[in-house]
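# Secondary and tertiary structure notes
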Amino acid sequence: MKLNNLYSEILDEEYPSSFSMEEFKTLTSFNKRIKYCENNLKRISSGSARIVYAIDNEKVLKLAKNKKGLAQNEVEIGYGQYHDLTNVVAKIFDYETNNLWVEMELARKVRVADFKQIIGFDFKTYSIAITNYGNNTNQQKNKMKYPKLDSEIIEAMWEDEFVYSIFSFIGNYDLPIGDLTRLNSYGIVKRDGEDIIVIIDYGLTHDVYGSYYS
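Described in the following lines is the structure provided in the data block. (Residues numbered from 1 in each chain as written. Predicted model: local features only at pLDDT ≥ 70, side-chain atom pairs only at ≥ 80, totals over all residues. Heavy atoms only, no water.)

## Concerning the pattern of salt bridges
The test is simple: By salt bridge we mean one thing: a side-chain nitrogen of Lys or Arg within 4 Å of a carboxyl oxygen of Asp or Glu. Each residue is assigned to one of three classes by its accessible area relative to the maximum for its type, calculated with a 1.4 Å probe on protein chains only: buried under 20%, partly exposed between the two thresholds, exposed over 50%. Each helix is a run of DSSP H or I of at least 4 residues and each strand a run of E of at least 2, with the numbering of both proceeding from the N terminus.
A full pass over the atoms with the stated rule returns 11 salt bridges. Between Glu38 and Arg43 there is a salt bridge, with the nearest N and O atoms lying 2.4 Å from each other. Look at Arg43 and you get partly exposed, because its relative accessible area is 37%. Here Arg50 makes a salt bridge to Asp201, at a shortest N to O gap of 2.9 Å. Here Arg50, found in strand β2 (residues 50-54), pairs with Asp201, found in the loop between β8 (194-199) and α8 (206-212); they are 151 residues apart in sequence, far enough to count as distant. Residue Asp201 is classed as buried on the basis of its relative accessible area of 9%. Connected through shared salt-bridge partners, Arg50, Lys62, Glu76 and Asp201 make up one network.

Written out as structure tokens, the structure reads:
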């Protein structure tokens, strides 16, 4: 379900100059697309639904393998265009109109210490907070039992721009909590010269899960 690895850290090596996005767009079959990517790009990760390749040190290519991948690409293409999610999810630069592939912002790996330094809350506390919030919104069919947090911590989280945006994402969009409690669902990107944390794998909604995974 999940991609096996995070997108990797910013890549130092150069990728073959033979890769052409314009040429890639003309390929009409999955076999041709994957062969072209395997010959010209570095595979970063692969799951049951999609394969992710590094295009350069700014972009990745998510290639759908099946209907699950198409559905997840469709969600990310849609969410990536919502203004209120600009600083919550990795950017979408380009995509195929039938959801065959998505060109997305490359993110660096997030470590526990990175999360605490950038966000100001440790990841465990953050995970408890968003899980409890998800439970309270009655979106979760199998509610995880987490302890309640101190009211002062919750208040501080509501005042934090990033955590508030995640709460809003959970409340307003069809995103399960499970993936949000996994550190490898996040990555670090540069915005206006500063490191911020964004969600890099956000295509698994309740509808997608119910249609293809349950």
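## Some words on the sheet that holds strand β1 (residues 42-46)
For clarity, the cut-off: Note: two strands are recorded as paired if DSSP finds a minimum of 2 bridges between them. Angular values range over 0 to 180 degrees, each being the angle between N-to-C directions of two axes fitted as lines to C-alpha atoms, with helices fitted over their stretch in contact.
Spatially, β1-β2-β3-β5-β4 is the arrangement adopted by the five strands of the open sheet, whose pairing is antiparallel. Two strands bound the open sheet, and with one partner strand each, they are β1 and β4 (92-95). In this sheet, neighbouring strand axes are inclined to one another by 25 degrees on average, regardless of whether the strands run parallel or antiparallel. In the sheet, β2 pairs with strand β3 (residues 59-64) via five bridges, with the strands oriented antiparallel. When the bridges of β3 are listed, Ala54 appears paired with Val60.

## What about the environment of Asp122?
To keep things clear, this is the line we draw: Contacts are residue-level and defined by heavy atoms, with any inter-residue pair within 4.5 Å sufficient. Side-chain atoms alone can form a polar contact between residues adjacent in sequence; in general such a contact is a pair of N or O atoms within 3.5 Å, and within protein one must be able to donate a hydrogen while the other accepts it.
Tracing the backbone shows Asp122 in the loop between α4 (112-119) and α5 (123-136). Each C-alpha atom, one on Asp122 and one on Val112, is 7.2 Å from the other, the two residues being 10 residues apart in sequence. When residues no more than four places from it in sequence are discounted, the contact partners of Asp122 are Phe115 and Lys116. Only 2.8 Å separates the side chain of Asp122 from the backbone nitrogen of Thr125, close enough to count as a polar contact.

## Thoughts on the packing of α5 against helix α7 (residues 161-172)
Helix-helix packing: each pair is described by the crossing angle between the helix axes and the interaxial distance. To be explicit about the condition: Throughout this description, any angle smaller than 35 degrees is read as roughly parallel, any larger than 145 degrees as roughly antiparallel, any in the 65 to 115 degree range as roughly perpendicular, and the remainder as oblique. Crossing handedness is defined as follows: a turn of the near helix away from the far one that is anticlockwise and smaller than a right angle gives a left-handed crossing, while the clockwise case is right-handed.
It is the contact of α5 with α7, at a shortest axis distance of 10 Å, that shows an interaxial angle of 30 degrees. By the angle between their directions, the pair α5 and α7 is classed as roughly parallel. At the point where α5 passes α7, the crossing takes the right-handed sense. The residues of α7 that touch α5, namely those facing Tyr126, Ala129, Ile130, Tyr133 and Gly134, are Phe162, Val163, Ile166, Phe167, Ile170 and Gly171.

## Some words on the environment of Ile55
With respect to the helices, strands and loops of the structure, Ile55 is situated in the loop between β2 and β3. Residue Ile55 is classed as buried on the basis of its relative accessible area of 12%.

## Some thoughts on the nonpolar core
Operational definition: Buried Ala, Val, Leu, Ile, Met, Phe, Trp, Tyr and Cys residues form a nonpolar core when they are joined through side-chain atoms within 4.5 Å.
The biggest cluster of nonpolar side chains holds 49 residues, and the ones touching the most others in it are Tyr126, Phe162, Ile166, Phe169, Tyr186 and Ile199. Looking at this core, the elements that each hand over two or more residues are β2, α3 (67-79), β5 (101-105), α4, α5, α7, β7 (186-191) and β8. Tallying contributions element by element places α7 first for this core, with six residues. Counting 14 residues, the second-largest nonpolar core is a separate cluster that includes Met21, Phe24, Cys37 and Leu63.

In short, shape yes, function no, at least from these values alone.
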